Every structure is written in C-alpha cells, then in structure tokens.
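A structural walkthrough
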Amino acid sequence: MPLPFLVWAAYLLLFPVFSSSPMLALESLEGQWARGLLAMLAGAGTAAVFGNKKYGSVLFLGVVSAAPIAIHLYLFFAQALRAGGLPWGYWGRETHHADLGYAAGQVVIFACVAIAVKRPGIRLMALGLILASLASTVFAHSRAGQIFCGVGGALVFCASLLSPSGRKRGYLSVGLSLLLVISFGAVAIAAQQDARWRTMTSELEAGFYGNALSVLCTGPAVIEAQVVAEFGDQAPKIIDSVRNGDAIRVMVLRAGYSLAQKYPWGSDGSRQAFQHVLARECPAPVLKVAHTHNGWLDTVLALGWLGALLYLWVLAYFAAQGLKAILITGVANEWALVLVALSSFWMLRGFTDTVFRDHMLEMQGFVLSYALVALKRAAHADPRSGSSKPGSGASSSF
C-alpha cells in the first residue's frame, strides 16, 4: 500500500473522533469517504486479475465509461423525435448535467490515450467516443463538461510529448490540434443555444460585489445599489444571477473561502458541510446554496485543510507515478498517460465543482488505482514500459 493512501485512510478513520459532530462524521465516513477507499482497493484488485486482458484495456474502459453518454444520446434523440425538434438542455435519466460532464471527461481521456498509443484501427473508434462525449455535453448544456473534455484530452497529448518516443510521433501534435479545434467548435455551437455563455462575464463580475457572507445571509439587496450603478438597465438580470446564476457561484466561492479560514479543521465531514458551517454565521440564510462549487473548499469545510491536503497528496502520488514511468523509461505507456492525465484532470476539475464526494470519489479511486496496478504489471513484464524491474515484486503492490 502506498504511504499517501495509508495516511489518507488513517485520517478518515480518525476524523470522527475529533470532528464537531462525531455521529454525523461517522455516517459520512460510511456514506462516501469509505466508499472511495473501497473503490481504490477494488480497482487495484480488478487490475491484478484483468489488467493484462483485452477487456482490461484503456479503450475497453473508455467504452464502459461511455455507458451514461450512450444512454443520454439515445434518450435525447428519442425525445427529439417525440417533440419534433432538438430538446436542448435535456439531461435524460441524469439528475444533473454535471454527471454527464464527469463521465464525458473520463471517456475523452481514455479515448485520447488509445489514439496516442494504439494502432490506427482503434483510433477511429476512439474518435467516435470523443465526438459522442462532446455532443452529450453540448446537448445537456454542460459548460464545464465541454471545457474539461478539451482539457482532459490536452493533458493526454501533452503527457505523451514528455517522452522521446512521443515527440517522434508527429500525429500527436496533429491530434492535440484537432482535439482543440473540435472542442472550440463544440463550445461555439453550445454558445448559440445556451444563453449562459453570453452573459457569463458580467455575471461573474457581479459575484465579487459586497461581503459574500452578508449577501448569502441577508440577500442581494445589500449590493443592489452598486449593481444598478455599474450595469444600469441590465441590473435586474444581474441581481437575478446573484440569486440563481453564475454570480452566486462566485459569491458562494468567496463565502466558502472565508469560512474555511474560520474553521481550519473542518466540521462534520458531510456533503452538507458548507450549509452547516454557514448556519453558524446566520441560522436562516436568504440565499440557500448546497455547496461552494469548489471541491477543494468543500473538502476543507468537511475535513479541514489537512484533509484536503492529504487527498491532494493522494492524487499527486498517482500523477507522479505516471510521470516517473514516462520520464525514466522514455515510453508513453498507456497506463502512465492515464495516471498523469486523469489525476491532473480531477485536481483541476476540483477548482470548478464539488467533485470529491459521492460517485466521483469512486470513479477517481477505482480508475486511478486500476491504472497504477496495470502500470506495475506492465513494468514487471517489460521494464521499458514502466518504472519497475522484473522480479521486483512491484506488480503485486498498489
């Protein structure tokens, strides 16, 4: 067991003892944090059994990860046939478009890895997965999903170019350029159908007005005069955005940072940590928001700064193992690329949404531990493909 995993697990197990609400923290441990740990163990165990099989390949995992995307596209076009037009913003069976975005980002990373290291026949299928993922996020009006599909793919190609063998493959630069063009095209199409793209700048600016905690506790009336002076006739729309739009995202982010400074050791480890901590400032806030839309801040409010830093250490460990394999061997092994790109993807994604909870923790834990063990197995079989040597026993470690 790697040290970051052991320290992270020990912290989670001990946290209920010194949390502000031990029983709730214990329920949260059982409800989400422990599931993330179990997902890591499950991923490692699965890779130990199937890591060298064709149905344990990167592309196969990409196809499996695309199941929610396929279901959404089927339901989307079925709805289009019934309605006689494209139902923009339709989420299908999902309760939130973000879930489609998370799946799409992971699919694009797997597909881009397959393009970077596999034979041409597979690249066509991988390109289809990328297009399907982008289409799903555009149809569902998932702005972050669209952006991070491009970011995830770019991380793969950039990681590939770190190795001498990758730099010799001219198609990698072409693939990166093509991915960015497709991603920008998807955003351009989405902007025509989703008005939030066109008002985002002014709404985000409004989120920096006033004291964030005061706005959440007493409502946007405290900044109304300032907004009217700045935006004139557009002020009503901006004020509405403070209640339920992009401005509230910035406002709650600022409020979350203020609360994180007041409660450096977190609170109760729960999904509702932000709401619980905010209630200590004002028992009945006018603007009720579930979380800060920032995974790192939400983790700080739940588990403290130390808890957030420990999980950052876990993700950074996975990234470092992949990067080490690429730099030492000079080979862009597929699992090394997954480790670098996917762990970096989640670290970056955490700054824009609350992704360190629920099934997202299970996605991260399972796939990253799977990739690490698969990399160790490949290194055991062929020293050129990873950082370990034959006979080192690395294939059995995680």
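1. Quick notes on helix α10 (residues 196-206)
For α10, every residue scored as buried is listed here: Trp-197, Glu-203 and Ala-206. Down the axis of α10, the buried side of the element spans an arc of 130°, and every buried residue falls inside it. Seen from the buried face of α10, the exposed residues on the opposite side, beyond 90 degrees, are Arg-198 and Thr-201.

2. Some points on a nonpolar patch on the surface
On the surface, Met-1, Leu-3, Leu-6, Leu-38, Leu-41 and Trp-313 cluster together into a nonpolar patch covering about 590 Å² of accessible area. Contributions of two or more residues to the nonpolar patch are made by α1 (3-18) and α2 (22-50). Within the secondary structure, Met-1 is located in the segment before α1. You can call Met-1 exposed: its relative accessible area is 54%.

3. Some details on the nonpolar core
Counting 126 residues, the largest nonpolar core has Trp-8, Tyr-311, Trp-335, Val-338 and Trp-346 as its most contacted members. Once residues within four sequence positions are removed from consideration, Trp-346 is found in contact with Tyr-102, Leu-315, Val-355, Phe-356, Met-360, Met-363 and Gln-364.

4. Focus on the pattern of salt bridges
Following the criterion strictly, the structure yields four salt bridges and no others. We note a salt bridge from Arg-143 to Asp-246, for which the minimum N-O separation is 2.8 Å. Of the two residues, Arg-143 is situated in helix α7 (residues 143-160) and Asp-246 in helix α14 (residues 246-262); the sequence distance between them amounts to 103 residues. Accessibility classification places Arg-143 together with Asp-246 in one group, the buried group.

5. Describing the state of the cysteines
If you walk through the whole model with that rule in mind, you get one disulfide. Each sulfur in the disulfide pair Cys-217 and Cys-282 lies 2.1 Å from the other. One quick way to see it: the torsion about the S-S bond of Cys-217 and Cys-282 is about -75°, and its sign makes the bridge left-handed. You can see Cys-217 sitting in helix α11 (residues 212-218) and its partner Cys-282 sitting in the loop between α15 (273-281) and α16 (295-329), a full 65 residues away along the chain.

6. Examining the packing of α10 against α14
Where α10 contacts α14, the two axes come as close as 7 Å, and the packing angle between them is 35°. Once α10 is placed against α14, the crossing between them reads as right-handed. Judged by residue contacts, Arg-196, Met-200, Glu-203, Leu-204 and Ala-206 of α10 engage Asp-246, Ala-247, Val-250 and Met-251 from α14.

The rules we used
- Residues numbered from 1 in each chain as written.
- Predicted model: local features only at pLDDT ≥ 70, side-chain atom pairs only at ≥ 80, totals over all residues.
- Heavy atoms only, no water.
- Buried < 20%, exposed > 50% of the residue type's maximum accessible area, 1.4 Å probe, protein only.
- Helix = DSSP H or I, 4+ residues; strand = E, 2+ residues; numbered from the N terminus.
- Arc of directions from axis to C-beta.
- Patch = residues over 30% accessible without salt bridge, like charges linked within 9 Å, V, L, I, M, F, W, Y side chains within 5 Å.
- Areas by Shrake-Rupley, 256 points an atom, 1.4 Å probe, with all protein chains shown as cover.
- Salt bridge = Lys/Arg side-chain N within 4 Å of Asp/Glu carboxyl O.
- Core = buried A, V, L, I, M, F, W, Y, C linked by side-chain atoms within 4.5 Å.
- Contact = heavy atoms within 4.5 Å.
- Disulfide = S-S within 2.5 Å.
- Axes fitted to C-alpha atoms, helices over the stretch in contact; angles between N-to-C directions.
- Left-handed = near helix turned anticlockwise from the far one by under 90°.

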